[in-house]
Amino acid sequence: MPRGRYSLHDPHDHSLLAEEHFQCAPGPSGWRYVSQVTTPSGDHAGSVDLALDELGRPIRLELHAASWQVRGAALDGVTWVRTDPTGTHATEGNVRAHAFTGTSPAFLIATTRLLRLTPSASATRVRLVAFTDPVLAPRTVDQSWALIAREAHATDNGPLAVDEYQVTALDTGEQHTVHIAGDVVLAAPGIELEHLETPPSASS
């Protein structure tokens with residue numbers, strides 16, 4: 001069960017925005033990720049709880065940021081309920097999309113488990129609903145993912161396979177690279193793995 005800490009940065013000026021203390025593990029039905037997010041000063045800033053089924057589809061998502069909350073799942077595309085800080089105005093949403101995304105590294109892992117790309121495959125298009133901090137506002141995004149390299153790195157626990165993905169935002173054409181080992185993000189724009197207590201779980 002990998003557990004550790006990511007630092008989350010502004011991808012433009014690289015200022016530290018938050019730290020995400022996480023643990024994740026494969027389970028009998030898929031994969032689960034839970035984390036607590038703190039500000040640079042150490043104050044609680046939110047949490048992530050994401051569970052996937054064996055096909056990589058989100059069967060449960062619960063996000064907290066500031067006083068906002070989102071609960072969602074794959075249902076007729078993806079469906080969610082977003083609650084405001086007072087709890088009096090809950091809004092529902094539904095989009096014909098494949099899954100969710102957001103600032104947490106969990107969503108990058110989730111997308112790779114959904115797409116199950118191989119190095120020889122061409123790029124695959126995916127539609128996601130992104131929840132943007134700090135108010136978890138939903139936005140539909142279209143991306144293209146391609147697995148461009150898979151390399152084995154020697155470690156004390158045997159070889160570790162590291163996948164390099166190229167991700168393209170289809171609305172702007174902007175591209176970036178994501179490096180993932182099993183169910184841990186090693187590097188991505190705005191994300192750095194600061195500490196890892198146990199080795200990543202192998203991707204299924």
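Figured I'd write up the structure that's included with this text. Note that the structure is a prediction, hence the values are computed from the model and not measured.

### Side note on unusual backbone geometry
A cis amide bond links Asp133 to the next residue, Pro134, at an omega of 5°. As for its placement among the helices and strands, Pro134 is situated in the loop between β10 (124-132) and β11 (137-155). Its identity is not glycine, yet Ala66 carries a phi of approximately 50°, on the positive side.

### What to know about helix α1 (residues 106-115)
For α1, the buried fraction is high: ten of the ten residues fall into the buried class. Within two residues after α1, Arg116 carries a phi angle of roughly 50°, on the positive side.

### Remarks on the packing of aromatic side chains
All chains considered together, the criterion is met by six aromatic pairs. Here the aromatic rings of Phe22 and Tyr33 are separated by 5.8 Å at their centres, their planes lie at 5°, and the arrangement is stacked. Placement of Phe22 in strand β2 (residues 16-26) and of Tyr33 in strand β3 (residues 30-38) is noted, with a sequence separation of eleven residues between them. For Tyr33, a relative accessible area of 1% translates into the label buried. Of the aromatic side chains, those joined through ring pairs into one cluster are Tyr6, Phe22, Trp31 and Tyr33.

### Structural notes on the pattern of salt bridges
All chains considered together, the criterion is met by eight salt bridges. Where Arg60 meets Asp49, a salt bridge forms, and the shortest distance between an N and an O atom there is 3.2 Å. Taken together, the residues Arg60 in strand β5 (residues 58-65) and Asp49 in strand β4 (residues 44-53) connect sequence positions eleven residues apart. Residue classification places Asp49 among the buried residues on the basis of a relative accessible area of 17%.

### A word on the pairing of strand β15 (residues 191-196)
Where strand β1 (residues 3-9) and β15 come together, five bridges link them in antiparallel fashion. Bridge pairing in β15 links Ser7 to Glu192. Of the strand pairs in this sheet, strand β14 (residues 184-188) and β15 are connected by two bridges, and their pairing is antiparallel. Paired with Ala187 across the two strands is Glu192, which belongs to β15. Two successive antiparallel strands, β14 and β15, enclose a turn made up of two residues, where Gly190 displays a positive phi of approximately 80°.

Conventions we followed
Residues numbered from 1 in each chain as written. Predicted model: local features only at pLDDT ≥ 70, side-chain atom pairs only at ≥ 80, totals over all residues. Heavy atoms only, no water. Helix = DSSP H or I, 4+ residues; strand = E, 2+ residues; numbered from the N terminus. Buried < 20%, exposed > 50% of the residue type's maximum accessible area, 1.4 Å probe, protein only. Phe/Tyr/Trp six-rings, centres within 6.5 Å; stacked < 30°, edge-to-face > 60°. Salt bridge = Lys/Arg side-chain N within 4 Å of Asp/Glu carboxyl O. Pairing = 2+ DSSP bridges.

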